[in-house]
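# A structural walkthrough
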Amino acid sequence: MFSASNLRGIFSGTSRAQWLLSAMMIGLYFSSGQLGLTIPNQTPALSLIWLPSGIAVFAIQRFGRPMISACFLGAMLLNLQFGHPFSSAVILSTCSTAGPGLCCWLLRKQGFDPYFSRRRDVAGFTIGILVGNGLSSTLGMLWLHISLDQAPPLISWLTWWAGDLAGTLLLAPLLWNLSRRNFQLLGEQWTEVSLFFVLFCATNWFIFLSEYNRLPLKFVTAFLMIWPALRLNICVAAMANLIAALFAAWSALQNLTPFGNDGAGSLFTLWGYICILSLITLTTTALQAERVRAGKEVEEAYQRMHKIASRLPGLILQYRILPDKSTSIPFASAAIWSLLELQHDEVRADAMPIFQRVHPDDREHGLQVFKDAIQQMSPWQNEFRYVRRDGSVRWLYIDGLPEKEMETDSILWHCFITDITERKQAESELRIAACTFESQEGIFVTDATWRILKINQAFTRISGFEPADLQGQLPPRHISASQSLAFFKKIQATLDEMHYWHGEIWNIRKDGSVYPMLITLTAILDERGTLTNYIGSFTDVSRNKGYEAEIRNLAFYDSLTQLPNRRLLMDRLSHLISISQRNQSHSAILFIDLDNFKTLNDTRGHDAGDLLLVETSRRLSSCVRDSDTVARLGGDEFVVVLEELSEQRDEAMHQADKIAEKIRQTLSEPYQIADFEHHGSSSIGVCMFSGSDTTVKDLFKRADTAMYEAKTAGRNAVRFFDPAMQAILIVRMMMESNLRIALSQQQFELHYQCQVNADRKLIGAEALLRWRHPDRGYISPAEFIPLAEETGLIVAIGNWVLETACAQLKQWEQNAATAHLSLAVNVSAKQFQQSDFVELVTAMVKRHAFNPAHLKIELTESTILDNVDATTEKMSQLGKSGIGFSMDDFGTGYSSLAYLQRLPLNQLKIDQSFVRDLSEDENDATIVRTIISLGINLGLHVIAEGVETEAQHNFLLAHHCHAFQGYLYSKPLPLHDFLLLASQQEHRPSGASHA
């Protein structure tokens, strides 16, 4: 018997939440019991669908033992309501609670999942409720048998057991799965859930409550239950199951077919229908859950395999060969793109794109290896080159295992492909390293303590030591005064700090002989920076030692004369300048150039020139002290450096002059060269220096300047450097720079000097170059033309003059006052000798499109007669286009009448030096008369320049010279003034005299 103290014990220690939960379960248990009694049955107080049993199983399984007390109290209330005595109600309530408790115990033992995700959960649940509810019904019937002194009918026991079983099947799965998660899932499928319940309720109404309830359609509901079991979830399925049971029970209560006929048979048919429907629903749900879980497991396994495959250093793929020889790639890991630059979809149905990218040189061998593997069904292993999209080549290795697919008679290869490019490169580097190790250099490898691990064959060949002699030993070394232990300690210190040492040392051979070696030592560190090895490589430089003197001689001495060359001379001068700071003595540098050396070379050959140079070097050495230096710069240039002269500059200059004069006289003595005697001379430039007030470069420049001054003085002379010479050089250098600027900035302009006929009518002009300097104004041509000739700028300047003259002639043709005028342009020898001179002038004429007959090119005698044949050819080519030629300054050179007759000349110009003294010097008058007569006889026009007086004009005119140029008619004028003069002459009355 349960007393109040017993009840307190039952609930002792429970929390407020447990009290509330227990109270809720008691109320639910009692309410469901009242609902269950509405279902018809042959035995009063017994129901064929006892829902409290389902609530009890749910509560005890979900919330544990405290719910046993709640279920017991709920049963007590029901039994007391049925009119059972208190003691009987306690025993019956105990029986009603014992069954669900046993059921939950069995479920817990078998690891039951209330979501029915496995078929074993359905089977275990079914067995548990059969056994548990059997215990409740059996114990209850036994108590009734004892208390009533008669055996209750078997139908009562069966009804009790069946009612508990049906109630548990209907309510427990539903309550277990009424969770927030399931409701969220239903919310996502709300439309489908609503449609299902509408259709399900309508179908059950049609089967059980409509006028067609006699039709055998009750198991149509079972087919509808597959819908929620497969597409929705167990919560919907269990709810639908309960709804179907309520429709069937209501049909039985209303005595409607198919469960409405009076009698126990119809009611037990209803019970069987409910149980079968519930079991079908739970089993279908479990099967679907297993299918979904199996699919997820397969997908998860696939993803795990994919992750593992993606992290492997290679590509996993399956390669299938079908009986028709077609191929496919059913599976490939994500590495297919990085390794083969292909997507899986590109080769899923056809694997040929992979083989098309195999290097052509590897296809035949790879195909043969593959055929052998297929024939023997053995592993397929091969190395091949794969061509990537950018044209680069990677080495790949494939390892495949075959599997015969009996269903399709196909062969499935399970392959693993890795990139072995780095390994191939490492193998190549190892081969190279092996070849390098066996090079011509001796190489040895030691451990961190200098114990030899390995030597190469060159080491043995050089030193005589065999590998067995030195294995595990210290390298041999030679100790001497120059190579003490301290020397080797310094080498070790350098290796410790820099990990590298290179230099020359002496070592000892196996036979005891000593030899020099050039060695490189390298310290090898591992990835942690720990010293692991030393590597040494060396060469025997014994032979090189013999070459050092020869190399030094070639580097610092002239090979012909054996005198110091420019390099050694520069070193000695630099040293001399540096040490001269410590004393007060003067030094001197003599720059010596042999006069007319080129003539000897050209006439007697280079062998004779070499003999002269050798003899000159011998004579120079004999003229100076041992402390002095004699050097050959090259060609016929020598330099003598005189050291430790007097501290007084004047006395030092006297000493240098005395030695220079001695050298000059010595070099002027006859030379016996082979079979002839040569007489030569030299020009010597001297520059004095003391202290560090100058540089080697300046000394050379100054001595060279003095030497050229000696040549200017007539050769075979000695000249000392004078600062005035430097000033002249600077002016000359600035002039050259300004000339280049003048050419680029258009500072040149042409002035025009009239050329007139016997009537003093303007017939043309001579273009004369003028330079308008922005600071100095007009600079005389006598200043800059010689420099332009010497520097070669005369070519560019001359081209500008010709271009300007051609453009001017074009403008003159468009003016009536100047259209008939010709223009004479002086062309220098360098400009005329340019290989493209004819093409250049022809292009100018075409570009400006003027009458070429108005252009007259003036050439000097030296220009014309320097190379008569070439000059004649150029003059003839230009003459064909109409351009005329005038020989300028005729009579001042050594004109050859034979050449003069051959040349295509149009005019002779009498030089102004003859015209100037015409009236005073009979010789000049005779020369002028001769030139005029010569020109007339050769059919050439004659013009006289430099006419300044009427007497000169009259003389020339009297001797049939009809063209004149000079200040008598006009000085050279700028273009504007010249055009004004031409315009005035155009309007001057005929026969008017010159103003």
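Residues numbered from 1 in each chain as written. Predicted model: local features only at pLDDT ≥ 70, side-chain atom pairs only at ≥ 80, totals over all residues. Heavy atoms only, no water.

We now examine the overall build of the protein chain. The helix and strand inventory of the protein chain stands at 38 helices and 26 strands. Across the 995 residues of the protein chain, 45% fall into the buried class. For the protein chain, long-range pairs separated by at least 24 residues make up 62% of all intrachain contacts whose partners lie at least 6 apart in sequence. Accessible area of the protein chain: about 50,900 Å², with a carbon and sulfur share of 56%. (Helix = DSSP H or I, 4+ residues; strand = E, 2+ residues; numbered from the N terminus. Buried < 20%, exposed > 50% of the residue type's maximum accessible area, 1.4 Å probe, protein only. Contact = heavy atoms within 4.5 Å. Areas by Shrake-Rupley, 256 points an atom, 1.4 Å probe, with all protein chains shown as cover.)

This part takes up the sheet that holds strand E9 (residues 514-525). Taken together, the five strands give an open sheet; going across it, the order is E7-E6-E10-E9-E8, and neighbouring strands pair in antiparallel fashion. The open sheet has two edge strands, strand E7 (452-455) and strand E8 (500-508), and neither has a second partner. The average angle at which neighbouring strand axes cross in this sheet is 25°, direction not considered. With nine bridges connecting them, E8 and E9 associate as antiparallel partners. What sits directly across from Ile 508, in E9, is Val 514. Its contacts with the sheet place helix H20 (residues 485-498) against E8, E9 and strand E10 (531-540), and it is angled at close to 155° to E8. (Pairing = 2+ DSSP bridges. Axes fitted to C-alpha atoms, helices over the stretch in contact; angles between N-to-C directions.)

The next point concerns the pattern of salt bridges. This structure, assessed with the given rule, holds 32 salt bridges. With a shortest N-O distance of 3.0 Å, Arg 394 and Glu 422 are connected by a salt bridge. Here Arg 394 is found in strand E4 (residues 393-405), whereas its partner Glu 422 is found in helix H17 (residues 421-437), with 28 residues between them in sequence. Residues Arg 625 and Asp 628 are paired through a salt bridge, measuring 2.9 Å at the closest nitrogen-oxygen approach. A single network of salt bridges, built from pairs that share partners, joins Glu 383, Arg 423, Lys 424 and Glu 427. (Salt bridge = Lys/Arg side-chain N within 4 Å of Asp/Glu carboxyl O.)

Right, let's get into the side chain of Ser 96. Considering the arrangement of structural elements, one finds Ser 96 in helix H5 (residues 86-109). Non-local contacts of Ser 96, meaning those with residues more than four positions away in its chain, are made with Tyr 29, Ala 75, Ser 136 and Trp 160.

With that out of the way, let us pick up the nonpolar core. Ranked by internal contacts, the top residues of the largest apolar core, which has 76 residues, are Leu 739, Phe 748, Leu 823, Leu 905, Ile 910, Leu 956 and Phe 978. Per-element accounting of this core gives the leading share, eleven residues, to helix H29 (residues 793-813). In this view, Ile 910 contacts Phe 890, Val 915, Val 928, Ile 931, Ile 932, Val 942, Ile 943, Ala 944 and Glu 945; residues no more than four positions away in its chain are not counted. Counting residues in each nonpolar core, the second largest holds 71 residues, with Trp 50, Cys 103, Leu 175 and Ala 245 among its members. (Core = buried A, V, L, I, M, F, W, Y, C linked by side-chain atoms within 4.5 Å.)

Okay, the sheet that holds strand E1 (residues 315-321) next. The strand order E2-E1-E5-E4-E3 describes an open sheet built from five strands, whose pairing is antiparallel. Single-partner strands in this sheet number two, and they are strand E2 (327-332) and strand E3 (380-387). Across the sheet, the mean angle separating the axes of adjacent strands is 30° when strand polarity is ignored. Contacts from helix H16 (residues 360-376) reach E1, E3, E4 and strand E5 (410-419) within the one sheet, and its direction differs from that of E3 by about 155°.

For the coordinates displayed, the defined rule picks out 24 aromatic pairs. A centroid spacing of 5.9 Å and a plane angle of 20° characterise the contact between Phe 112 and Phe 125, whose relative ring orientation is stacked. Of the two residues, Phe 112 sits in the loop between H5 and helix H6 (119-148) while Phe 125 sits in helix H6, which places them 13 residues apart along the sequence. Residue class for Phe 112 comes out buried when judged on its relative accessible area of 11%. (Phe/Tyr/Trp six-rings, centres within 6.5 Å; stacked < 30°, edge-to-face > 60°.)

Here we take up helix H36 (residues 922-937). The terminal C-alpha atoms of H36 lie 22 Å apart, and with 16 residues this matches the ideal 22 Å at 1.5 Å per residue to within 8%. Burial in H36 covers these residues: Asp 924, Ala 925, Val 928, Ile 931, Ile 932 and Gly 935. The arc that holds every buried residue of H36, seen down its axis, measures 125°, which confines them to one face. Summarising the geometry of H36, the exposed residues directed more than 90 degrees from the buried face are Asn 923 and Asn 937. Where H36 is buried, its residues touch strand E23 (884-890), strand E24 (907-910), helix H35 (912-916), strand E25 (941-945) and helix H37 (950-958). One side-chain oxygen at the N-terminal end of H36 lies 2.9 Å from the backbone nitrogen of Asn 923; it belongs to Asp 921. Of the residues trailing H36, Gly 939 is marked for its positive phi of about 75°. (Expected span 1.5 Å × (residues − 1). Arc of directions from axis to C-beta. Polar contact = N/O pair within 3.5 Å; in protein donor to acceptor, adjacent residues only side chain to side chain.)

Next up on the list: the packing of helix H3 (residues 51-63) against H5. Viewed as axis vectors pointing N to C, H3 and H5 meet at an angle of 45°, and their least axial separation amounts to 9 Å. Comparing the axis directions of H3 and H5 gives the class oblique. For the element pair H3 and H5, the recorded crossing hand is right-handed. For the pair formed by H3 and H5, the contact residues are Ser 53, Ala 56, Val 57, Ile 60 and Gln 61 on the first element and Pro 100, Gly 101, Cys 103 and Cys 104 on the second. Of the residues assigned to the contact of H3 with H5, the class counts are six nonpolar, three polar and no charged. (Parallel < 35°, antiparallel > 145°, perpendicular 65-115°, else oblique. Left-handed = near helix turned anticlockwise from the far one by under 90°. Nonpolar A, V, L, I, M, F, W, Y, C, P; charged D, E, K, R; others polar.)

Turning our eyes to something else, we now look at the pairing of strand E13 (residues 637-642). Both faces of the sheet carry side chains from a regular strand, because those side chains alternate between them. Most of E13 sits out of view: five of its six residues are buried. Judged from the five bridges that link them, strand E12 (residues 629-634) and E13 form a sheet pairing that is antiparallel. Along E13, the bridge assignment pairs Thr 629 with Val 641.

Moving on, we get to the UniProt feature "transmembrane region" (unreviewed entry) in the protein chain. As annotated in UniProt, the feature "transmembrane region" (unreviewed entry) corresponds to residues 20-37, 43-60, 89-107, 127-146, 158-178, 190-209, 229-253 and 265-287 in the numbering used here. Strand forms 0% of residues 89-107 and helix 100%; the C-alpha atoms that close the span are 28 Å apart. (UniProt positions renumbered as here; feature names shortened; annotations may be inferred.)

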